[in-house]
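Single-letter residue listing:
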Amino acid sequence: MKSTRNAIVIRKITASKMESNWIRGLKKTWPLHMLIFPALVIAVVFHYVPIAGLVMAFQDYKPWLGFLKSEWVGFKHFHSLFMFEESVQVIWNTLIIAVLKIGFGTLVPILFALLLNEVRINGIKRGIQTLVYLPHFLSWVILGGILIDLLSVKGGLVNRMITAMFGIKPIFFLGDGDWFRFVVIFSDIWKEFGFGMIVYLAAITAVNPSLYEAAEVDGATRLQQTIHVTLPAMMPIIVVVATLQLGNVLNAGFDQIFNLYNPLVYSKGDVIDTFVYRSAMLKGDFSFATAVGLFKSVTSFILIIISYRLAYKYANYRIF
Amino acid sequence: MYHKTLAYRWFNVFNQLFLITVSLLCILPLLHVFAVSLSGKAAATANIVNLWPIDVTLESYLKTVNNPSFIRSLLFSLYRTILGTGIGMVVTVFAGYALSKKYTAFKSRNVYMWFFVFTMLFSGGLVPNYILITNLGLINTIWALVLPAALSVYNMILLMNFFRAIPVELEEAAVMDGAGIIRILFKIHLPMSMPALATITLFTLVFHWNSWFDGLIYMMDSNKYPLATFLQTIVVQQDFSKISIDPKDLENLSQRTVKSAQIFIGALPILLVYPFLQKFFIKGIVVGAVKE
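Caption draft 1: Looking closely at the overall build of chain B. Each helix and strand counted, chain B has 16 helices and zero strands in total. What you see for chain B is a C-alpha radius of gyration of 24 Å, clearly larger than the 19 Å of a compact globule of 292 residues, by over 25%. The principal-axis extent of the C-alpha atoms belonging to chain B is close to 75 × 70 × 35 Å. Put simply, of all contacts in chain B between residues at least 6 apart along the chain, 68% involve residues at least 24 apart. When the accessible surface of chain B is split by element, carbon and sulfur atoms take 70% of a total near 13400 Å². Here chain B contributes 21 positive and 13 negative side-chain charges, whose respective centroids are spaced 7 Å apart.

Rendered as structure tokens:
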């Protein structure tokens with residue numbers, strides 16, 4: 001901050017020499033600009049140009065007319081977004097699924113990291129870590145294929161186990177809306193808790209051992225040590241991760257839901273991203289789909305900025 | 001002290017048992033699929049296979065590798081992964097290196113930085129991206145899958161943080177010896193960041209291997225589906241209309257053992273790189289995420 005302010009002051013003083021300074025700077029830094037150039041082109045073409053394409057959310061876009069000749073309709077599509085019973089339901093579904101995922105998805109890795117920290121035998125500890133990180137790297141296509149097989153009503157492994165253990169009827173996991181939500185949230189946590197745990201384990205390892213020794217001399221039990229030493233040490237990173245999750249309240253996980261759902265559970269399982277896909281690619285409703293997507297992007301963007309501010313304020317976190 | 005109390009010992013035993021059970025649950029689904037893929041058709045259809053194959057046979061794997069569509073997708077995925085990782089790494093390493101320079105030495109740095117970070121926060125979304133790829137004439141070409149993914153801002157930031165941890169003195173000494181910016185990158189930064197490079201190379205490999213959605217929307221011709229997209233249509237969506245196959249193959253494709261074999265082959269490259277991946281990524285992630 002200070003160096004920026006100084007730079008501004010200096011620049012004001014030497015305003016007349018600014019151009020020559022700029023050229024002199026460029027003489028020294030042009031190879032750096034060249035190195036960034038490919039990334040810059042990719043970012044402009046594949047990220048910024050599509051942002052300009054968002055104007056179609058305010059048009060009745062017809063592919064054969066293009067952006068210039070399609071009719072302007074103002075906020076018509078946004079109006080429909082909040083008037084259709086279907087799309088309001090979709091927004092609710094998204095919020096419910098995402099909020100539950102964020103809540104449990106934050107809590108479970110913290111608990112698991114605390115428990116794993118108690119394991120003193122290094123071989124076991126490392127073995128557990130190796131296994132729980134793995135699902136993160138498998139795609140939802142693979143896991144979707146596996147889950148559909150596992151949860152099948154007709155003899156899927158899970159239903160066979162449930163019937164054998166509790167003697168109840170097989171559950172139609174992927175055909176019943178409430179069970180579908182449960183599967184989505186549960187399987188997401190199952191896939192990601194190990195990977196999410198990494199930062200917490202790192203925070204625990206960074207705790208000064210003498211703090212534990214001091215606590216022990218004072219007669220603290222292991223549980224008290226965890227509450228009074230380990231947890232406070234983890235707090236900054238918990239705050240960062242939790243606040244940055246705020247930007248995800250409209251992200252219910254496209255890949256996962258797309259690979260698990262079917263028309264039977266659209267009413268409770270359809271979320272904004274899958275709704276956008278179906279409106280655009282299956283119904284050809286390009287402008288409406290873009291309006292829905294824009295609503296999501298803008299809301300998420302605002303939430304990310306807020307959460308980033310909060311993370312900066314309370315945990316002094318910066319992206320770079 | 002607490003190690004010796006009876007309560008803690010009991011807790012320890014139960015804790016370890018609990019954690020081991022949970023971690024085994026992370027791979028049991030995969031083991032089950034593997035067992036089904038190796039089982040005989042009759043046992044798999046009768047749903048009696050648990051975690052151990054019954055009537056072990058390689059039949060389903062033979063059927064899978066004898067299926068031309070599957071092999072075509074597999075090869076296309078390999079091609080895509082190699083090309084995509086190559087291009088992606090060049091773009092990401094160059095940009096990450098330039099941005100690792102201090103603001104005092106490279107004034108435009110912060111402007112570039114926000115320019116790239118913004119792409120992580122806000123995007124045009126599905127339809128404008130689709131229209132762009134169409135208008136660029138990239139539909140049905142491998143470039144539609146490779147170019148938009150060439151810049152990963154997340155990886156770029158990870159790498160940048162690694163580069164920044166390299167002592168400035170090394171660079172200053174190299175400048176004294178007359179090395180230019182590019183030379184410093186190749187002689188100092190790259191050799192010193194091997195763990196970080198390995199991490200993001202493997203992240204990029206995994207990303208390209210797992211990508212399926214771009215294949216689904218940008219490839220009109222199902223002969224050009226990457227393996228992940230092929231599996232998505234055949235195994236998950238069960239939509240056989242998109243793939244041209246004769247009726248004899250259709251029966252093979254819908255068999256449970258064959259599906260399991262296909263899923264397992266789809267996951268296999270990940271399982272193979274995972275041991276290498278695991279060695280590196282923890283450091284890479286922690287350095288990128290936690291900073292003083």
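Caption draft 2: A look at the nonpolar core. Membership of the largest hydrophobic core comes to 161 residues, with the highest contact counts inside it found for F137 of chain A together with F116, L151 and F281 of chain B. It is helix α9 (residues 177–205) of chain A that provides the largest number of residues to this core, a total of 15 residues. In contact with F137 of chain A, not counting residues within four places along its chain, are F195 of chain A together with F203, V206, N210, I270, Y274, L277 and F281 of chain B. Ranked by size, the runner-up nonpolar core spans seven residues in total, among them I51, L54, F78 and A291 of chain A.

Caption draft 3: Up close: the packing of helix α5 (residues 68–99) of chain B against helix α11 (residues 181–192) of chain B. All names here are of chain B. Here α5 crosses α11 at 100°, and the two axes come no closer than 11 Å. In terms of their interaxial angle, α5 and α11 are classed as roughly perpendicular. Facing V93, F94 and Y97 of α5, the residues of α11 in contact are I181, I184, L185, F186, H189 and L190. By residue class, the composition of the contact of α5 with α11 is eight nonpolar, one polar and no charged.

Caption draft 4: Region of the structure containing the interface of chain A and chain B. Each partner contributes to the interface: chain A provides 89 residues, whereas chain B provides 98 residues. Here chain A meets chain B over a buried area of about 8400 Å², counting both sides, of which 77% is carbon and sulfur. Inspection of the chain A/chain B interface yields one salt bridge. In this structure, the salt-bridge partner of D149 of chain A is R256 of chain B, at a minimum N-O distance of 2.6 Å.

Caption draft 5: The arrangement of the packing of aromatic side chains in detail. Evaluated as defined, the whole model comprises 40 aromatic pairs over all chains. An angle of 0° between the planes, with centres 6.2 Å apart, marks the rings of F254 of chain A and W212 of chain B as stacked. Of this pair, F254 of chain A sits in helix α12 (residues 254–260) while W212 of chain B sits in the loop between α12 (194–210) and α13 (213–218), on two different chains. The same class applies to F254 of chain A as to W212 of chain B, namely buried. Arranged with centres 5.9 Å apart and planes meeting at 80°, the rings of F70 of chain B and F230 of chain B form a pair that is edge-to-face. Of this pair, F70 of chain B sits in helix α5 while F230 of chain B sits in helix α14 (residues 227–236); the two residues are 160 residues apart in sequence, bridging distant segments of the chain.

Caption draft 6: Geometry of unusual backbone geometry. With a phi angle near 55°, N47 of chain B is a residue other than glycine that sits in the positive phi range. Owing to a relative accessible area of 19%, N47 of chain B belongs among the buried residues under this scheme.

Caption draft 7: Summary view of the confidence of the model for chain B. All names here are of chain B. Across chain B, pLDDT averages 88, with 90% of residues at or above 70. When the elements of chain B are averaged for pLDDT, helix α15 (residues 247–254) gives the smallest value, 66, and helix α8 (residues 143–146) the largest, 96. Listed scores for the predicted complex are pTM 0.89 and ipTM 0.89.

Caption draft 8: Region of the structure containing empty space enclosed by the protein. If you walk through the whole model with that rule in mind, you get three cavities of 30 Å³ or more. Considered as a void within the structure, the largest cavity measures approximately 50 Å³ in volume. S139, V141 and I142 of chain A together with W209, N210, L227, A228, L231 and G266 of chain B together form the lining of the largest cavity. Sort the elements by how many residues they give to the lining of the largest cavity and α14 of chain B lands first, with three residues. Looking at side-chain class alone, the lining of the largest cavity contains six nonpolar, three polar and no charged residues.

Criteria and thresholds
- Residues numbered from 1 in each chain as written.
- Chains lettered and ligands numbered in written order.
- Predicted model: local features only at pLDDT ≥ 70, side-chain atom pairs only at ≥ 80, totals over all residues.
- Heavy atoms only, no water.
- Helix = DSSP H or I, 4+ residues; strand = E, 2+ residues; numbered from the N terminus.
- Rg over C-alpha atoms; globule rule 2.2 N^0.38 Å.
- Contact = heavy atoms within 4.5 Å.
- Areas by Shrake-Rupley, 256 points an atom, 1.4 Å probe, with all protein chains shown as cover.
- Lys, Arg positive; Asp, Glu negative; His and termini not counted.
- Charge placed at Lys NZ, Arg CZ, Asp CG, Glu CD.
- Core = buried A, V, L, I, M, F, W, Y, C linked by side-chain atoms within 4.5 Å.
- Buried < 20%, exposed > 50% of the residue type's maximum accessible area, 1.4 Å probe, protein only.
- Axes fitted to C-alpha atoms, helices over the stretch in contact; angles between N-to-C directions.
- Parallel < 35°, antiparallel > 145°, perpendicular 65-115°, else oblique.
- Nonpolar A, V, L, I, M, F, W, Y, C, P; charged D, E, K, R; others polar.
- Buried area = accessible area lost by both parts, 1.4 Å probe.
- Salt bridge = Lys/Arg side-chain N within 4 Å of Asp/Glu carboxyl O.
- Phe/Tyr/Trp six-rings, centres within 6.5 Å; stacked < 30°, edge-to-face > 60°.
- pLDDT = per-residue confidence, 0-100.
- 1 Å grid on protein atoms, 1.4 Å probe; cavity = no way out; pocket = protein on both sides within 12 Å on 5 of 7 lines; lining within 4 Å.
- Points joined across faces, edges and corners; volume = space filled by probe spheres on them.

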